[in-house]
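Next come the chains, spelled out residue by residue.
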Amino acid sequence: MQVCFLPEPILKDMVSYALWLIETSHDSSRSNAMIFFSLSFSYRTILEHFDANDGLRIILNEVCYFC
């Protein structure tokens, strides 16, 4: 909940960084970024930034990579 009170530019950067971790980082970083999203999707601001950064495609690509 505290994350949602951060300024918009910081939220945008945080979501972008977590998506970047999912695409290009080590397994432990990917896992932590996925946990971050699983806990934060209940907040509209995080979800809006996630959608704006094409986050669903990034996560689906990552999941399909392991299929």
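Up top is the structure.
Residues numbered from 1 in each chain as written. Predicted model: local features only at pLDDT ≥ 70, side-chain atom pairs only at ≥ 80, totals over all residues. Heavy atoms only, no water.

*Asks:* Summarise unusual backbone geometry; cite the residues concerned and give the values.
*Replies:* With a phi close to 60 degrees, D54 is a non-glycine residue in the positive phi region. Relative to the helices and strands, D54 is located in the loop between α3 (44–52) and α4 (55–65). A relative accessible area of 38% means that D54 is categorised as partly exposed. (Helix = DSSP H or I, 4+ residues; strand = E, 2+ residues; numbered from the N terminus. Buried < 20%, exposed > 50% of the residue type's maximum accessible area, 1.4 Å probe, protein only.)

*Asks:* Explain the pattern of salt bridges to me, and be specific about the residues and the numbers.
*Replies:* On inspection of all chains with the given rule, the structure shows four salt bridges. Among the salt bridges present, the one from E48 reaches R44, with a minimum N-O distance of 3.0 Å. Of this pair, E48 and R44 both sit in helix α3, four residues apart, which is roughly one turn of that helix. With relative accessibility at 64%, the residue R44 sits in the exposed group. Its salt-bridge partner being D54, residue R57 comes within 2.6 Å of it at the nearest N-O pair. For R57, a relative accessible area of 38% corresponds to the partly exposed category. Three or more residues are tied together by salt bridges with common partners; here these are D27, R30 and E62. (Salt bridge = Lys/Arg side-chain N within 4 Å of Asp/Glu carboxyl O.)

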